[in-house]
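Residues per chain are reported as follows:
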Amino acid sequence: MATATELKEMPLQSVLAALDAAPDGLTTTQAADRLARYGPNEIEEKLRSALLTFLGYFWGPIAWMIEAALILSILVKHWSDAVIIGVLLAMNGVVAFAEEHQATNAIEALKSRLATSARVRRDGSWVEIPVRELVPGDVIRVRLGDVVPADAKILEDVQAQVDQSALTGESLPVTRGQGEDLYSGAVVAQGETDAVVYATGTNSFFGRTTELVSEAGTTSHFQQAVMRIGHYLIVIAVVLVAITVVVSIIRGNPVLSVLEFALVVTIASVPVALPAVLSVTMAVGARHLAKRQAVVSHLPAVEELGGIDVLCSDKTGTLTQNKLAVAETWTPGGSDEDGLIGAAALASRSEDRDPIDLAVLAAAGSRVPTDRVTGFQPFDPVSKRTEARIDGASPYRVTKGAPQVIEKLCGSDSATAGVREVVERFAARGYRSLGVARADGDEDGDWRLLGVLALADPPREDSADTIAAARELGLTVKMVTGDQVAIGRQVAGQVGLGDDIVDAETLDGASGEAGSDVDEAFADEVEVADGFAQVFPEHKYRIVKALQARGHIVGMTGDGVNDAPALKQADAGIAVAGATDAARAAADVVLLSAGLSVIVEAIRQAREIFARMTSYATYRIAETIRVLFVITLAILVMNFFPVTAAMIVLLAVLNDGAILSIAYDHIHGSSRPAAWDMRRVLTVATAIGVMGVLETFLLFVLADQAFHVDRTMIRTLIYLKLSVSGHLTIFVTRSRGPFWTRPGPAPILLGAVIGTQAIATLIAVYGLLMSPLGWGWAAVVWGYALFWFLIEDRVKLWTYAWLDRRRDSASPAARVAA
């Protein structure tokens, strides 16, 4: 049998022949055979075990390092270390699992929109069956308000109005006649018809959308950054452990002490709290965003939101109000606008909730005549107009409807000569035209043309300002809509976008099939276009993938089922206020208030959150390098363990515990899209870390060689130095400028640092789990650390200046790549 795509393009009689179907429907036997062949008319949901999902958070470079430290601590029977490391490991997994599973399942939300039962003709009789039992060739009946249960072609010579805005993004119901398509998931807005089913389940238009949702998805840049940090530290740790183990064996050190060393170095190399601190920073940021009406359902999206440089915005309901309004009027000589609007309002009825009637009544306001309506003929697809009988000073009739119908009705009126030109002019600007006429008398009066109304879905009041603000943040905004090119171009002009609106159908030749590699010509056209019209779900999905293939971090806004695949594929999928369940489930961020202005504020907030994450990552890498190399140098040069495993764990717990407060720090976000420049982060962190190694090892040498301090006390000395300098480093990394750059640190961060360092100092002075140091040496360590803190800040500034010079001297292509 032909594919669903081929059947869609065939005329009705060819479809009936290909399906071996007839207007009388199938027999029960035929239906059973086809159900076995094609499967049920439902969307299969692939569920992943919650246990496997949870265990997945314990797999990866950082997790492996923590797990290795846990195993080693058990082998050498350091039970307290093992408990602390185990708790931190479990906490990372539990926090990540809980945060990642707040979103509703996207496919389940898509399924909930489908009909549950259908009227179908079997064995010559109409019966009600579950939708899942529909098969290609079935004849179904759909009526006003029904959700179409499968893709079908209309059998009867009728005109039905179908609302498929949630599927295709078209802002108005479309008219469908004999042989034309009804998509599963669309809603019948007017009329009743029989239709023959030609595609079910995942072969239907709706099903293909859910397949795209299943295939869509990207690895977040946050996850990539954590993996790169993990790989970088693993390489350093493996090399240092290998060198020192070989040296220890050559020196004849006992195996147990070598194993203990390996434990200390492994614990030192593991940024135990890195995932947790970054997750907490994003979670706190997400709560701030929620206060600004942007709810985050996927934590890494906080970081992605700050990094997007291309924002693909749905038009209907996002840039526009998703409701019709009278945009313009035209009246022939001898008529006036008030008379035109008033007559159109009399030919409208609010209780029908028809969008055109509501738009006309809203435009009329107080201009509606007080004359009594004695009869009303509602719109029907055959006559294509409404008509009202009015009892005024003398009886008269008014009508409104399709311009060509009104023009024909007013055939004797010379004013109709200009109607077609007006309609074409309105159409070129994306307006939908509505003719209005009046006839005096009850029955026999001639119709007289009053004019033409231009209807449009007007932009939101804040859309133009929002787009301007987005550009100030370095974002390129592209409009993506299911409406016609003319409508898209008109709205784009009103909100300040460019006029290069491309018909998505022209992209098909270059784009390939959904899921295929992106064609270069397709990517070129997508990158330069200002927007896209007549877009289907697979177009949106491929547009996002094409932009991502060009290195862009893509944000996608939307509200309908048709947006779900692209929302999930985008780096930051944003479901706007009033979005369908499917769109909200597929999105990373759900907006609770109308308009795009909240997106601009959310992006600003996200960039501040990103800056906090970058400063913490730089701090954590620098500190890991400091501790690792100090331990390694002490063992290689002095054959001495400068810190114990317990000291390392204390450093991790106290310092990273306090640094959780960085999530609340005062910090300026970037004015450009934020992105993980790992080369920059690692270079700055390494420069600060190496500086920390030199200053700490110098203190060790001075205490050992110049002041002949007892070696057990030296361990305490080094512990306090690493603790104090570690927390001072966060004030170095929290800004690109000098450490005193405004805004200053948040009180909670300052309080956490002072509090934990007071505890660390007391532990060192009075010797908890280590030799007591005394207040004199503690004061020396503090003074020494503060002096080198100032030097580290200068090293940071020199490193950034060097990196900037290198970037500026690079070729333009290299700068873009960077």
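Predicted model only: the values in this text are computed from it and were never measured.

Trainee: Would you mind showing me how to read the overall build of the protein here?
Mentor: Broken down by element type, the protein carries 32 helices and 23 strands. Expressed as a percentage of the 818 residues in the protein, the buried residues total 54%. Pairs at least 24 residues apart make up 73% of the contacts formed inside the protein by residues separated by at least 6 positions. Within the structure as shown, the protein displays about 33500 Å² of accessible surface, and the carbon and sulfur contribution to it stands at 57%.

Trainee: Would you mind going over the packing of helix α29 (residues 711–733) against helix α31 (residues 775–809) with me for this structure?
Mentor: Helices that pack against each other are described as a pair by the angle of their axes relative to one another and the distance between those axes. Taken N-terminus to C-terminus, the directions of α29 and α31 make an angle of 40 degrees; their axes are 9 Å apart at the nearest point. When you trace α29 past α31, the crossing you get is right-handed. Residues Met713, Leu717, Leu720, Lys721, Val724, Ser725, Leu728, Thr729, Phe731 and Val732 of α29 form the contact with α31, whose participating residues are Trp777, Ala778, Val781, Trp782, Tyr784, Ala785, Leu786, Phe789, Glu792, Asp793 and Lys796. When the residues that make up the contact of α29 with α31 are grouped by side-chain class, the tally is 15 nonpolar, two polar and four charged.

Trainee: Please clarify how the pairing of strand β1 (residues 117–122) should be interpreted in this entry.
Mentor: Looking along a regular strand, one sees the side chains alternate between the two faces of the sheet. Alternating residues of β1 divide into Ala118, Val120 and Arg122, all buried, and Ser117, Arg119 and Arg121, none buried. In this structure, β1 lies alongside strand β2 (residues 125–130), joined through six bridges in antiparallel fashion. Note on β2: the bridge partner recorded for arginine 121 is tryptophan 126. As defined by bridge partners, β1 adjoins strand β3 (residues 139–142) across three bridges and the pair is classed as antiparallel. When the sheet's bridge partners are listed, arginine 121 is paired in β3 with valine 139.

Trainee: Would you take a moment to explain the side chain of aspartate 151 for this structure?
Mentor: Mapping aspartate 151 onto the fold places it in strand β4 (residues 151–154). According to the relative accessible area criterion, aspartate 151 is buried, its value standing at 2%. The residues contacting aspartate 151, other than those within four sequence positions of it, are Leu182, Tyr183, Ser184, Val196, Val197, Tyr198, Ala199, Ser204 and Phe205.

Trainee: Can you help me understand the packing of helix α30 (residues 747–766) against α31 in this one?
Mentor: It is at 9 Å that the axes of α30 and α31 come closest, and there the two elements cross at 140 degrees. In terms of their interaxial angle, α30 and α31 are classed as oblique. As α30 packs across α31, the resulting crossing turns out to be right-handed. Contacts from Gln757, Thr761, Leu762, Val765 and Tyr766 in α30 reach Trp775, Ala778 and Trp782 in α31. In terms of residue class, the contact of α30 with α31 is made up of six nonpolar, two polar and no charged.

Trainee: What is the right way to read helix α20 (residues 485–495) from this model?
Mentor: Given 3.6 residues per helical turn, the α-helix brings residues three or four places apart onto the same face. Buried within α20 are the following residues: Val485, Ala486, Gly488, Val491, Ala492 and Val495. Lining the buried residues of α20 we find α14 (315–319), α18 (419–428), α19 (463–472), β18 (476–480), β19 (501–503) and β20 (531–533). Glycine 496 sits one or two residues past α20 and shows a positive phi near 90 degrees.

Trainee: Can you help me understand the sheet that holds strand β13 (residues 372–377) in this one?
Mentor: What holds strands together in a sheet is hydrogen bonding between their backbones, with the strands either parallel or antiparallel. Pairing is antiparallel in the open sheet, where six strands are placed in the order β12-β17-β16-β15-β14-β13. The open sheet has two free edges, formed respectively by β12 (325–330) and β13, since each of these has just one partner strand. For this sheet the average axis-to-axis angle between neighbouring strands, irrespective of direction, equals 25 degrees. Along the sheet, helix α15 (residues 337–346) makes contact with β12, β13, β14 (385–391), β15 (395–401), β16 (432–440) and β17 (447–456), crossing β17 at roughly 85 degrees.

Trainee: How should unusual backbone geometry be read in this particular structure?
Mentor: In most cases, non-glycine residues show a negative phi, while peptide bonds are predominantly trans. The phi torsion at aspartate 123 lies on the positive side, around 55 degrees, for a residue other than glycine. Tracing the backbone shows aspartate 123 in the loop between β1 and β2. Taking relative accessible area as the criterion, aspartate 123 reaches 49% and is therefore assigned partly exposed. Unusually for a residue other than glycine, histidine 708 sits at a positive phi of about 50 degrees. With respect to the helices and strands, histidine 708 occurs in the loop between α28 (678–706) and α29.

Trainee: Can you help me understand the nonpolar core in this one?
Mentor: Among soluble globular proteins, nonpolar side chains are generally buried collectively. Among the nonpolar cores identified, the biggest contains 111 residues, and Leu305 and Tyr719 are the most heavily contacted of them. Among the elements that take part in this core, helix α26 (residues 597–638) stands out by supplying 22 residues, more than any other. In this structure leucine 305 touches Leu289, Ala572, Ile574, Val589, Ala602, Ile603 and Ala606, once residues within four positions along its chain are discounted. Judged by nonpolar contacts, the second largest core, of 28 residues, contains Cys312, Leu507, Phe522 and Val535.

Trainee: What exactly am I supposed to notice about the packing of aromatic side chains here?
Mentor: Each aromatic ring pair is specified by the distance between its two centres and by the angle formed by the two planes. This structure, assessed with the given rule, holds ten aromatic pairs. A ring pair is formed by phenylalanine 787 and tryptophan 788, whose centres lie 5.4 Å apart and whose planes are at 80 degrees; its orientation type is edge-to-face. Residue phenylalanine 787 is classed as partly exposed on the basis of its relative accessible area of 47%. An aromatic cluster of three or more residues is present, and its members are Phe640, Phe697 and Phe700. For arginine 438, the ring lying beneath its charged end belongs to tyrosine 396, and the centroid distance is 3.8 Å. We note arginine 736 situated over the ring of tyrosine 800; from NZ or CZ to the ring centre the distance is 4.4 Å.

Trainee: Would you take a moment to explain the environment of threonine 244 for this structure?
Mentor: Along the chain, threonine 244 falls in helix α10 (residues 221–250). With relative accessibility at 0%, the residue threonine 244 sits in the buried group. Spatially, the C-alpha atoms of threonine 244 and valine 258 are 8.7 Å apart, while their sequence positions differ by 14 residues.

About the thresholds
Throughout, a residue's number is its position along its own chain's written sequence, starting from 1. Side-chain atom pairs in this predicted model are given and counted only at pLDDT of 80 or more, local residue features only at pLDDT of at least 70, and totals for whole chains, interfaces and linings cover all residues. Remark: hydrogens and water are excluded; side-chain values derive from all non-hydrogen atoms of the structure. The way it works is that DSSP assigns letters per residue, a run of H or I at least four long becomes a helix, a run of E at least two long becomes a strand, and they are numbered from the N terminus. The buried label applies to any residue whose accessible area, calculated with a 1.4 Å probe on protein chains only, is under 20% of its type's maximum; exposed applies above 50%, and partly exposed to all values in between. Residues count as neighbours in contact if any of their non-hydrogen atoms are within 4.5 Å of one another. Every accessible area reported is derived by Shrake-Rupley at a probe size of 1.4 Å, with residue values counting cover from the shown protein chains alone. Every axis in this analysis is a line fitted to C-alpha atoms, fitted for helices over the stretch in contact. Angles between the N-to-C directions lie between 0 and 180 degrees. What makes a crossing left-handed is the near helix being turned counterclockwise from the far one by less than a right angle; a clockwise turn instead makes it right-handed. For this classification, the nonpolar set comprises Ala, Val, Leu, Ile, Met, Phe, Trp, Tyr, Cys and Pro, the charged set comprises Asp, Glu, Lys and Arg, and every other residue, Gly included, is treated as polar. For two strands to be treated as a pair, DSSP must find no fewer than two bridges joining them. In this scheme, roughly parallel covers angles under 35 degrees and roughly antiparallel covers those over 145, while 65 to 115 is roughly perpendicular and the rest are oblique. Remark: nonpolar core denotes a set of buried residues (Ala, Val, Leu, Ile, Met, Phe, Trp, Tyr, Cys) joined through side-chain atoms within 4.5 Å. Only Phe, Tyr and Trp rings take part, Trp by its six-membered ring, and two of them pair if their centres are within 6.5 Å. Stacked means planes under 30 degrees apart, edge-to-face means over 60, and tilted covers everything else. Whether a charge lies above a ring is judged from NZ of Lys or CZ of Arg, which has to be within 6 Å of the ring centre and within 35 degrees of the ring normal.

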